[in-house]
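Now for the letters of each chain:
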Amino acid sequence: MNKLLATLIAGCFAAGAFAQATPAKPATPAVAATPAAPATAAAPATAAAPAQAAAKADVKADAKAAKEDRKARHKAAKEAKKDAKKDAKVEAK
């Protein structure tokens, strides 16, 4: 029974790891099959660059805010634990 359970659990882990694996990228041909785009097509790509930079900055700001939030919660938990210890000490007297 233990071996069966171990096998089933290992199978679940393997299936989860397989499901999260990134798919292989298809091979790209050596010579481009499509003709080169005209020079006017490059304008929208450069217009999108500031938007992408702004989005990247927003993601960095969100990550920084989340990190600060985690630090604050950790500090509050430490303080609560310290206060609980102090209260327990007072009650013991």
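Residues numbered from 1 in each chain as written. Predicted model: local features only at pLDDT ≥ 70, side-chain atom pairs only at ≥ 80, totals over all residues. Heavy atoms only, no water.

## Some remarks on the overall build of the protein
1) Next: Secondary structure summary: the protein contains 2 helices and 0 strands in total.
2) Next: Out of the 93 residues belonging to the protein, those deemed buried represent 0%.
3) Next: A total of about 8900 Å² of accessible surface is found on the protein, and carbon and sulfur atoms cover 66% of it. (Helix = DSSP H or I, 4+ residues; strand = E, 2+ residues; numbered from the N terminus. Buried < 20%, exposed > 50% of the residue type's maximum accessible area, 1.4 Å probe, protein only. Areas by Shrake-Rupley, 256 points an atom, 1.4 Å probe, with all protein chains shown as cover.)

## Some details on a nonpolar patch on the surface
1) Next: The grouping of Met1, Leu4, Leu5, Leu8, Ile9 and Phe13 at the surface amounts to a nonpolar patch, some 700 Å² of accessible area in total.
2) Next: Structurally, Phe13 can be placed in helix 1 (residues 2-20).
3) Next: Judged by relative accessible area, which is 64%, Phe13 ranks as exposed. (Patch = residues over 30% accessible without salt bridge, like charges linked within 9 Å, V, L, I, M, F, W, Y side chains within 5 Å. Salt bridge = Lys/Arg side-chain N within 4 Å of Asp/Glu carboxyl O.)

## Digging into the pattern of salt bridges
Note that side chains of opposite charge can pair when their charged atoms are close.
1) Next: In total, this model carries 1 salt bridge according to the counting rule given.
2) Next: Salt-bridge contacts for Arg73 lead to Asp69; the nearest nitrogen and oxygen are separated by 3.3 Å. Of this pair, Arg73 and Asp69 both sit in helix 2 (residues 42-92), 4 residues apart, roughly one helical turn.
3) Next: A relative accessible area of 51% means that Arg73 is categorised as exposed.
4) Next: Judged by its relative accessible area of 41%, Asp69 falls in the partly exposed class.

## Considering a negative patch on the surface
1) Next: Residues Glu79, Asp83, Asp87 and Glu91 make up a contiguous surface patch of negative charge.
2) Next: Within the secondary structure layout, Glu91 lies in helix 2. (Lys, Arg positive; Asp, Glu negative; His and termini not counted. Charge placed at Lys NZ, Arg CZ, Asp CG, Glu CD.)

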